[in-house]
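Here is what each chain is made of, one letter per residue.
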2 protein chains.
Amino acid sequence: MKKYLSILKKTKLFSGLSETDISSMLSCLDAKLFSYKNGDYVFRQGEHLSNICVLVEGKLLIQNDDYWGNRTIINNISIGEMFGEAYVAPESGALLNDVVAVEDSVVIFFDFKKILTVCSSACRFHSMVVQNLFFAISEKNKKLVQKLGHISKRSTREKLMSYLSEESKKQNSLSFTIPFNRQQLADFLSVDRSAMSNELCKMRDEGLLVFEKNQFRLL
Amino acid sequence: MKKYLSILKKTKLFSGLSETDISSMLSCLDAKLFSYKNGDYVFRQGEHLSNICVLVEGKLLIQNDDYWGNRTIINNISIGEMFGEAYVAPESGALLNDVVAVEDSVVIFFDFKKILTVCSSACRFHSMVVQNLFFAISEKNKKLVQKLGHISKRSTREKLMSYLSEESKKQNSLSFTIPFNRQQLADFLSVDRSAMSNELCKMRDEGLLVFEKNQFRLL
DNA sequence: CCTTTTTTGTTGTAAAAACAACAGGCTTGT
DNA sequence: ACAAGCCTGTTGTTTTTACAACAAAAAAGG
């Protein structure tokens, strides 16, 4: 476990804590380490989770197979990322996706009850972890709501307007840089790249905005 | 504040606690009550939040105006619902939406720091609230991810397959009831009702499934 | 029981998006 | 400097969706 302290230190969960702090908390949080070979399932659809997990080595895929056999990649988890936190609530039911290792991987499990219930020995940094966890999940929440706001628009143009407006608000300026290239933006908005590129140029020609590469300005 | 104890008791935040328990915690959580007239803004775009809010009377709308003036209803908040919890993280930045009262409304604000930091006087039920808060937000998170999974599919048919598969998994049976009528389902999946209805019937004719009203069976 | 309203399915048309294929420009690495 | 590989824009075609309008069935209300 010691081996991965430097990685844990960089995670959102332990943000602001030193390696020594983290080390002293591991037992208090009932941390357990599991290894997986490339191709192994970390979790299977139908399982019930009661752990918050952090990937410290390798790479995972969260994927979903529907009844007719269509497979979708929901997300890929890189080193330092947390997962499973959305499934620990008792009413949350069984996991609906599979989590698969696509490289030899190592995951650390934390008992979420232990995290939430500040221990009687009152380890100093425990409440910090609670806050970190809360911030992380609430941040995720915010991002999801925003993305949903864009994607649920009917037309490509509306999706673009929604996204670009928001980016402009976030950066508090009509000129702003987006963190995507065209293909990534199209994927994010769930549209075809070329169609989106086309629409973007139409919007430019209509005088709604100007752009150059990933630098945009609303007019 | 007393007046609203019966409502607070039914919220997710205070689930499992009695009115007396809640009453004894209110000061510890630094609860504050605010009233709004129909049309008043509870929050405006650009503000920074540090409270978790619960609506105890009236009705609110979370709405978003983009740069070009298009207004979107993001959500409507009914009595007993919690909001604002996605914006309390320090890095979360300014609120990007407006929250408006569409009836005369009353909102109770809780200091999120007070919630997360279990008080030294160690009120017995505090850690229960922390857990409730965490469950509520993680549940929201889960729902958002799932919805996003459906909506981000390109075609109406794929959206339907994704949604129906999941509902089947959730209810652990190929026969299941959905909690929507056609219009609601179309809104949820962000497609046109008649087009969706059409697609649904095509799928039935192709032998993928059968349905009657909101009862479905996958084949 | 009858009327009214709501929900659902159906059809045709117009609009939009996906898709495919390609060209020019910009990067990167040798 | 050159070649190879990406990224972006552009165009034409095909497929899909939205939209509008309507009919039938079901539900609600008196």
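Criteria and cut-off values
Residues numbered from 1 in each chain as written. Chains lettered and ligands numbered in written order. Predicted model: local features only at pLDDT ≥ 70, side-chain atom pairs only at ≥ 80, totals over all residues. Heavy atoms only, no water. Patch = residues over 30% accessible without salt bridge, like charges linked within 9 Å, V, L, I, M, F, W, Y side chains within 5 Å. Areas by Shrake-Rupley, 256 points an atom, 1.4 Å probe, with all protein chains shown as cover. Salt bridge = Lys/Arg side-chain N within 4 Å of Asp/Glu carboxyl O. Lys, Arg positive; Asp, Glu negative; His and termini not counted. Charge placed at Lys NZ, Arg CZ, Asp CG, Glu CD. Buried < 20%, exposed > 50% of the residue type's maximum accessible area, 1.4 Å probe, protein only. Pairing = 2+ DSSP bridges. Helix = DSSP H or I, 4+ residues; strand = E, 2+ residues; numbered from the N terminus. Axes fitted to C-alpha atoms, helices over the stretch in contact; angles between N-to-C directions. Domains from an automatic or database assignment. Near = heavy atom within 4 Å. Nonpolar A, V, L, I, M, F, W, Y, C, P; charged D, E, K, R; others polar. Least-squares fit on C-alpha atoms with pLDDT ≥ 70 in both. Contact = heavy atoms within 4.5 Å. Buried area = accessible area lost by both parts, 1.4 Å probe. Polar contact = N/O pair within 3.5 Å; in protein donor to acceptor, adjacent residues only side chain to side chain.

**Q** So what's going on with a negative patch on the surface? Residues and values would help.
**A** Together, Asp40, Glu57, Glu103 and Asp104 of chain A make up a negatively charged patch on the protein surface. For Asp104 of chain A, a relative accessible area of 41% corresponds to the partly exposed category.

**Q** Can you break down the sheet that holds strand β11 (residues 215-218) of chain A residue by residue, with the values?
**A** All names here are of chain A. Read from one edge of the open sheet, three strands run β9-β11-β10, paired in antiparallel fashion. A single partner strand is all that each edge strand has here, and the edge strands are β9 (175-177) and β10 (209-212). Strand-to-strand twist in this sheet, taken as the mean axis angle between neighbours without regard to direction, amounts to 20°. Two strands pair when backbone bridges link them, and β10 and β11 are joined in this way by four bridges, in the antiparallel orientation. Looking across to β11, one finds that Leu209 is bridged to Leu218.

**Q** Lay out the domain arrangement of chain A with the relevant residues and their values.
**A** Where interface size is quoted, it is often the accessible area lost as the parts come together. Domain annotation of chain A identifies domain 1 (2-143) and domain 2 (153-218). For domain 1 of chain A versus domain 2 of chain A, the distance between C-alpha centres works out to 33 Å.

**Q** Could you give an account of the protein's contact with DNA strand D, naming the residues involved and the relevant values?
**A** Near DNA strand D you find 18 residues, and of these Arg182, Asn198 and Phe211 of chain A together with Ser155 and Thr156 of chain B are the closest. Close to the protein, within 4 Å, the atoms of DNA strand D are drawn from sugar and phosphate at a rate of 63%. Only α7 (193-205) of chain A together with α7 (193-205) of chain B provide two or more residues apiece to the surface near DNA strand D. If you tally residues by element for the surface near DNA strand D, the top one is α7 of chain A, at six residues. Residues of the surface near DNA strand D, tallied by class, amount to four nonpolar, seven polar and seven charged.

**Q** Explain the relation of the copies chain A and chain B to me, and be specific about the residues and the numbers.
**A** Overlaying chain A with chain B gives an RMSD of 0.0 Å, the required rotation being 180° about an axis along which the chain moves by 0.0 Å. Here the symmetry operator amounts to a two-fold rotation axis. Among all C-alpha atoms of chain A, that of Asn141 of chain A lies closest to the rotation axis, at 2.8 Å. Taken as a fraction of all interface residues of chain A, those also at the interface in chain B reach 100%, which identifies the copy contact as same-surface.

**Q** Explain the sheet that holds strand β9 (residues 175-177) of chain B to me, and be specific about the residues and the numbers.
**A** Residue and element names in this part refer to chain B. An order of β9-β11-β10 is seen for the three strands of this open sheet, with the pairing classed as antiparallel. Of all strands in the sheet, those with a lone pairing partner are β9 and β10 (209-212), marking the two edges. Adjacent strand axes in the sheet meet at a mean angle of 20° when their direction is disregarded. For β9 and strand β11 (residues 215-218), the ladder comprises three bridges, and the chain directions are antiparallel. The partner of Ser175 across the bridge, within β11, is Arg217.

**Q** Can you break down the interface of chain A and chain B residue by residue, with the values?
**A** At the interface, 56 residues of chain A touch 56 residues of chain B. With both sides pooled, the region where chain A packs onto chain B buries about 5,200 Å², and carbon together with sulfur makes up 66% of that total. The largest contributions to the chain A side of the interface with chain B come from Trp68, Phe134 and Lys169 of chain A, which together make up 14% of the buried area. One can count zero salt bridges joining chain A with chain B. Linking chain A with chain B are 22 residue pairs in polar contact (both at pLDDT 80 or more). Of all elements in the fold, only β4 (60-65), β5 (71-77), α3 (112-116), α4 (126-151) and α5 (156-170) of chain A reach the threshold of two or more residues within the side of chain A that touches chain B. At 17 residues, α4 of chain A tops the list of elements feeding residues into the side of chain A that touches chain B. For the side of chain A that touches chain B, the residue count by class is 28 nonpolar, 13 polar and 15 charged.

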